[in-house]
Amino acid sequence: MKTIAANGLTFMTDSKGQGSHFLFITGTGGDLRNENSPLRSPLIDQFEVLTYDQRGMGQSEKPDHPYTMRDYAEDAVAILDAYGWDDVFLAGYSFGGMVAQEIAIGWPERVKRLALLATSAGGQGGNSYPLETLIDLPDEERARRVAEIADLTFTPQWQAENPEAAKQRIEDALAAQSQFADEPNAKMGARRQLAARMGHNTYDRLDRITCPTLVISGTHDGLAPMDAQKAMASAISDCQFEVVHGSHAMVWESSEVVFERLIRFMQE
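As the structure is a prediction and not an experimental result, all values here were calculated from the model.

The rules behind each value
Residues numbered from 1 in each chain as written. Predicted model: local features only at pLDDT ≥ 70, side-chain atom pairs only at ≥ 80, totals over all residues. Heavy atoms only, no water. Pairing = 2+ DSSP bridges. Helix = DSSP H or I, 4+ residues; strand = E, 2+ residues; numbered from the N terminus. Buried < 20%, exposed > 50% of the residue type's maximum accessible area, 1.4 Å probe, protein only. Polar contact = N/O pair within 3.5 Å; in protein donor to acceptor, adjacent residues only side chain to side chain. Contact = heavy atoms within 4.5 Å. Right-handed = clockwise from strand over helix to strand, strands pointing away. Axes fitted to C-alpha atoms, helices over the stretch in contact; angles between N-to-C directions. Parallel < 35°, antiparallel > 145°, perpendicular 65-115°, else oblique. Nonpolar A, V, L, I, M, F, W, Y, C, P; charged D, E, K, R; others polar. Salt bridge = Lys/Arg side-chain N within 4 Å of Asp/Glu carboxyl O.

A closer look at the pairing of strand 2 (residues 9–16)
At step 1: Relative to strand 2, strand 1 (residues 2–6) runs antiparallel, the two being bridged by five bridges. Within strand 2, the residue paired with Lys2 across the bridge is Thr13.
At step 2: Where strand 2 and strand 4 (residues 47–52) come together, four bridges link them in antiparallel fashion. The residue of strand 4 that forms the bridge with Ser15 is Leu50.

Below, the structure written as structure tokens:
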């Protein structure tokens, strides 16, 4: 891992692999210390992959003032500048896909090809689920609600019919939710990120995305509804829309399929 000064802040970054430059921007609460990482995927066999903790997250700086989606995009571009990367293959997952849209719109010369995974455009195109409405729920209730929304098959009926499996999933969600949560300013940073997410709306600007684009949606993702992802894809001129089996976490649940498709798309 390497600390980078960019856009007036310090960011924890990491890169692995060899080949063409590939920037992967992770989702809400993303942290380089998490087990699920593009740096532990087949991408690093084909590309030099860069990822980082976004402002307010992980080991990056957490300034206590409002963040905007433009801020997040400027952060990413400044990190590319610090690495000396002129243009990249770009993938964004969930919240990272929202940031990736802003980059492709505002800095089209920096993006060779774009992949948007389990994300949405907001506005008239449709929004992802408003996670900020859940942040003050008791920990276990919040973990259960997020699990139910992220995976539409995790219904109350399924939980009643599979009590032990449901209990384990909630325990796993609680553990993930509480990981690193007691670090300085972690809760504040999480709130700031969710507040920025509320203002996400690129739908009326998607026609400015000029690079070839791939949108991948999970079959039972309730956080980024499929209709919203279809609307986003339809508003981008050169865009392919595909569906894979899985929930909001389909990138990791169906990782072999998703990463194989990403590699093939970027190399077309």
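Considering the side chain of Thr202
At step 1: Checked against the element boundaries, Thr202 lands in the loop between helix 6 (186–198) and strand 7 (213–218).
At step 2: Taking the relative accessible area as the measure of exposure, Thr202 reaches 0% and is therefore buried.
At step 3: Among the polar contacts made by the side chain of Thr202, one reaches the side chain of Gln101 at a distance of 2.5 Å.
At step 4: The residues touching Thr202, leaving out its near neighbours within four places in the chain, are Gln101, Glu102, Ile105 and Ala121.

Considerations on the pairing of strand 7
At step 1: Buried residues dominate strand 7, accounting for six of its six residues.
At step 2: Taking every second residue as pointing to the same face, both faces of strand 7 are buried, with Thr213, Val215 and Ser217 on one and Leu214, Ile216 and Gly218 on the other.
At step 3: Pairing between strand 7 and strand 8 (residues 239–244): six bridges, direction parallel. For Val215, the partnering residue across the bridge sits in strand 8 and is Phe241.
At step 4: Remark: the strand 7/helix 7 (residues 226–234)/strand 8 crossover connection has right-handed handedness.

Side note on unusual backbone geometry
At step 1: Although it is not a glycine, Asn7 sits at a positive phi angle of roughly 55°.
At step 2: What makes Asn7 partly exposed here is its relative accessible area of 35%.
At step 3: One non-glycine residue with positive phi stands out, namely Asn185, at about 65°.
At step 4: When you line up the elements, Asn185 lands in the loop between helix 5 (163–178) and helix 6.
At step 5: Accessibility expressed as a relative area gives 45% for Asn185, which makes it partly exposed.

A closer look at the packing of helix 3 (residues 139–150) against helix 5
At step 1: Remark: helix 3 packs on helix 5, axes separated minimally by 9 Å, with the N-to-C direction vectors making an angle of 110°. When the interaxial angle is binned, helix 3 and helix 5 end up roughly perpendicular. Here Asp139, Glu140, Arg142, Ala143 and Arg144 of helix 3 lie close against helix 5, whose contacting residues are Ile170, Ala173, Leu174 and Gln177.
At step 2: Looking at side-chain class alone, the contact of helix 3 with helix 5 contains four nonpolar, one polar and four charged residues.

Some details on the pattern of salt bridges
At step 1: Inspection of every chain in the model, using the stated rule, returns 17 salt bridges.
At step 2: Here Arg113 ties to Glu268 by a salt bridge, and the two come within 3.7 Å at their closest N and O atoms. Placement of the pair is Arg113 in strand 6 (residues 111–117) and Glu268 in the segment after helix 9 (255–266), with a sequence separation of 155 residues.
At step 3: With a relative accessible area of 15%, Arg113 lands in the buried category.
At step 4: Between Asp136 and Arg191 there is a salt bridge, with the nearest N and O atoms lying 2.4 Å from each other. Here Arg191 lies in helix 6 and Asp136 lies in the loop between strand 6 and helix 3, a separation of 55 residues in the sequence.
At step 5: Residue classification places Arg191 among the partly exposed residues on the basis of a relative accessible area of 42%.
At step 6: The structure contains a network of salt bridges with shared partners spanning Arg113, Glu242, Arg261 and Glu268.

Topic: the sheet that holds strand 1
At step 1: Taken in spatial order, the eight strands line up as 1-2-4-3-5-6-7-8 in an open sheet, and their pairing is mixed. In this open sheet, the two edge strands, each paired with only one partner strand, are strand 1 and strand 8. Taken over all neighbouring pairs, the strand axes of this sheet differ in orientation by 25° on average, direction set aside.
At step 2: Pairing analysis gives four bridges linking strand 3 (residues 20–25) to strand 4, with the strands arranged parallel. Across the sheet, residue Ser20 finds its bridge partner in strand 4, namely Phe47.
At step 3: In this fold helix 7 packs onto strand 6, strand 7 and strand 8, with an angle of close to 170° to the strand it touches most, strand 7.

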